[in-house]
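Structural features, examined
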Amino acid sequence: MNPRPLRRVLIANRGEIALRIMRACRDEGLETVAVYSDADRYAPFVRVADRAVRIGPAAPVESYLRIAVLLEAARASGADAVHPGYGFLAERAAFAQAVDDAGLIFIGPPASAISAMGDKTSARRLMAAAGVPIVPGSLAALNDPDEAAAVAREIGYPVLVKAAAGGGGKGMRVVAAPRELAAALATASSEATKAFGDGSVYLEKYIERPRHVEIQILADHERTIHIGERECSIQRRHQKLVEEAPSIAVDEALRERMGAAAVAAGVAVGYRGAGTCEFLLASNGDFFFLEMNTRIQVEHPVTEEVYGVDLVREQLRIAGGRAMSVPYGRLVPRGWAIECRITSEDPANGLLPSAGLIRWMRAPAGPGVRWESGVETGSEVTLFYDSMLAKLVVHAPDRRQAIDVMQRALSELTIVGVATNVPFHRALLADPEFLAGTIDIQFLDRRADLLAAADDAATTMRLAVAAALLADDRRLSRRGTVPAAAPERVASSSAWAATARRDALR
Ligand code: MV4
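Residues numbered from 1 in each chain as written. Predicted model: local features only at pLDDT ≥ 70, side-chain atom pairs only at ≥ 80, totals over all residues. Heavy atoms only, no water.

Moving on: the packing of aromatic side chains. When we look at a pair of aromatic rings, we describe it by the centre distance and by the angle of the planes. In the structure shown here, the tally under the stated rule is six aromatic pairs. Judged by centre distance (6.4 Å) and plane angle (80°), the rings of F279 and F289 are edge-to-face. With F279 in strand 12 (residues 273-281) and F289 in strand 13 (residues 287-293), the pair connects residues that are 10 residues apart, well separated along the chain. This pair shows no difference in class: F279 is buried, exactly as F289 is. An aromatic cluster is built from Y64, F88, F384 and Y385, whose rings are joined through pairwise contacts. (Phe/Tyr/Trp six-rings, centres within 6.5 Å; stacked < 30°, edge-to-face > 60°. Helix = DSSP H or I, 4+ residues; strand = E, 2+ residues; numbered from the N terminus. Buried < 20%, exposed > 50% of the residue type's maximum accessible area, 1.4 Å probe, protein only.)

Structure representation (structure tokens):
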């Protein structure tokens, strides 16, 4: 393992994470190569890169998922390393291996660590052997319904049927009583076959109303450390919407126990670079390993804010054979960070993805505010890719102040042209239960009222923005000049919106 310094990094991804990685490369003195689909030809991440290579049509299977095309782009551009970001090929062991086989450096863990964690039952066996707490249940795929019934009887109902090849909740079924088991096994298995081409399923004890807490780890050639937890319970249909660091449910003693478990998990699979151990944290304080994400995660910035660590720069250092720059000894979280994922999902339409031209975007700023976005005024939002437009991250001395800063930042944010989930975030951050921190993974399922409030707010805002644009068009034609930025006031001032609407309809 001779340290091979990196020089030029190809980023096999798009959008905000491509920009985030390119910033880290620039800070590390590395050149960057972007790859882009036809849909991303004019995207900011393409302009910011030192070089850019077209890799195909908009559909991911024809561009961002084509291993051979990406490797050819790396060769043609003289890149010596590949950063996969998150999503797309980030957790495909075959991609990590192909990059390695091409004589390039994969900025991530060894392919063997990716595959060890990819199969859920083999990961459970590995974790159990390493002393990492796992949810009681089967340690291998089930062979038949009788075996399943025996396991279920032993661990006790309710149980959860899970796909061995799974992740992300596909092929999962809760079973409350023995008579429901056979049907659940069948549906879970057929769902798993459809989703993963592998119908193997296994059983776990069903943990009711847990929190989803994950631990960041970092490993170089000599040590594996943890960098605290992130609270990720605010999710809907397995899509995280808000993340925080630290977690209100984790004290220093629990952090050290969960951290030690996550480190043991990393050591057990020979991990290198940045990774995340996902845990369920039960209401009684018990925690259980769920799975390991062998990539940089969307929500990594909240950890960066409270620990003062640049995780992507650390990834680059480690991939280049250098030691991490994180100091030895116990790391202490400073203050509180929150991330809101700003998506092109319409609260007035059941938070379904929306598309269109971003006619106007203005990012919030100010002390403690960080804006990570892949789009700008003029960007076209398509349905080809993930609906996340940006991450709004705040850092403040405590949770209450972080929430206040986030509300202020959201009130400054202007996005006109596509519907976004901003009204949802505003409703959530004003909610007494969220403020109290008594959240779990089912919080949003219970709180349909929050989505309804967001729906109302979104509808009001849409009317007001339409009115404001109309009003601006009139002023524009009167003055023959670009009008003062009006729509950004709409979100925070309903009185102004009412005036604008009257003006527009006059
Ligand atoms: C569980 C669980 C309750 N009990 N396992 C969902 C996706 C996959 N990563 C694991 N998941 C869960 N596993 C047991 N034994 C509840 C979930 C779960 C969940 C976990 C994390 C974040 C969001 C979730 C939403 C629904 C269900």
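Still more ground to cover, so stick around.
Running from amino to carboxyl end, helix 4 (residues 93-101) crosses helix 5 (residues 111-118) at an angle of 170°, the nearest separation of the two axes being 8 Å. Here helix 5 runs roughly antiparallel to helix 4, going by the angle between their axes. Listed contacts from helix 5 to A93, A96 and Q97 of helix 4 are A111, I114 and S115. Split into classes, the residues belonging to the contact of helix 4 with helix 5 amount to four nonpolar, two polar and no charged. (Axes fitted to C-alpha atoms, helices over the stretch in contact; angles between N-to-C directions. Parallel < 35°, antiparallel > 145°, perpendicular 65-115°, else oblique. Contact = heavy atoms within 4.5 Å. Nonpolar A, V, L, I, M, F, W, Y, C, P; charged D, E, K, R; others polar.)

Our focus in this paragraph is the sheet that holds strand 3 (residues 51-56). Strand order in the open sheet formed by five strands is 3-2-1-4-5, and the pairing between neighbours is parallel. Of all strands in the sheet, those bounded by a partner on one side alone are strand 3 and strand 5 (105-106). (Pairing = 2+ DSSP bridges.)

On to the site of the ligand, then. Taken together, the neighbourhood of the ligand is formed by 16 residues, with K162, E204, K205, I207 and E291 sitting nearest. At 2.7 Å, a backbone N or O of K205 approaches a nitrogen atom of the ligand. Contact distances for the ligand include 3.0 Å between a nitrogen atom and a backbone N or O atom of I207. When the ligand is considered free in solution it has 520 Å² of accessible area, and contact with the protein chains removes 90% of it. Tallied by class, residues from the shell around the ligand come to eight nonpolar, four polar and four charged. Of the residues that make up the shell around the ligand, three or more belong to each of domain 2 (119-134 + 208-334) and domain 3 (136-205). (Near = heavy atom within 4 Å. Polar contact = N/O pair within 3.5 Å; in protein donor to acceptor, adjacent residues only side chain to side chain. Areas by Shrake-Rupley, 256 points an atom, 1.4 Å probe, with all protein chains shown as cover. Domains from an automatic or database assignment.)

Moving on: the confidence of the model for the chain. When pLDDT is averaged along the chain, the result is 92; 92% of the residues meet or exceed 70. Overall, residues 476-494 carries pLDDT values under 50, and its contacts beyond four positions in sequence, including any with other chains, amount to 34 contacts. (pLDDT = per-residue confidence, 0-100.)

Bringing the environment of P133 into the picture now. Secondary-structure assignment places P133 in the loop between helix 6 (120-129) and helix 7 (145-155). Judged by relative accessible area, which is 28%, P133 ranks as partly exposed. Expressed as a C-alpha distance, the spacing of P133 and F279, which sit 146 residues apart in the sequence, is 9.3 Å.

In this structure, V9, L10 and F45 are the most contacted members of the largest nonpolar core, which totals 65 residues. Dropping the residues within four chain positions of it, F45 is found in contact with N13, R14, G15, A18, L19, M22, A34, V35, Y36, D40 and Y64. (Core = buried A, V, L, I, M, F, W, Y, C linked by side-chain atoms within 4.5 Å.)

This paragraph deals with the sheet that holds strand 6 (residues 159-163). By way of backbone hydrogen bonds, the strands of a sheet pair with one another, either parallel or antiparallel. Across the sheet, which stays open at both edges, the three strands sit in the order 7-6-8 with antiparallel pairing between neighbours. In the strand order of this sheet, the two ends are held by strand 7 (173-175) and strand 8 (201-205), each with one partner. Taking the axes of each pair of neighbouring strands and ignoring which way they run, one obtains an average angle of 30° across the sheet. Two strands pair when backbone bridges link them, and strand 6 and strand 7 are joined in this way by three bridges, in the antiparallel orientation. Residue V161 lies in a different strand from strand 7, and its bridge partner there is R173. Along the sheet face, helix 6 touches strand 6 and strand 8 and points at about 45° away from the line of strand 8. Where helix 8 (residues 181-196) meets the sheet, it contacts strand 6, strand 7 and strand 8, and its direction lies at approximately 25° from that of strand 6.

Further remarks concern the pattern of salt bridges. In this structure the tally under the stated criterion is 37 salt bridges. With a closest N to O distance of 3.0 Å, E376 and R47 form a salt bridge. Residue E376 is located in the loop between strand 19 (369-373) and strand 20 (380-381), and its partner R47 is located in helix 2 (residues 44-48); the two are separated by 329 residues in the primary sequence. Look at E376 and you get partly exposed, because its relative accessible area is 26%. Residue R370 is joined to E372 by a salt bridge in which the shortest nitrogen-to-oxygen separation is 2.7 Å. The residues R370 and E372 share a single accessibility class, namely buried. Ionic contacts of the salt-bridge type, sharing partners, join the residues R20, R23, E304, E305, D310, R370 and E372 into one network. (Salt bridge = Lys/Arg side-chain N within 4 Å of Asp/Glu carboxyl O.)

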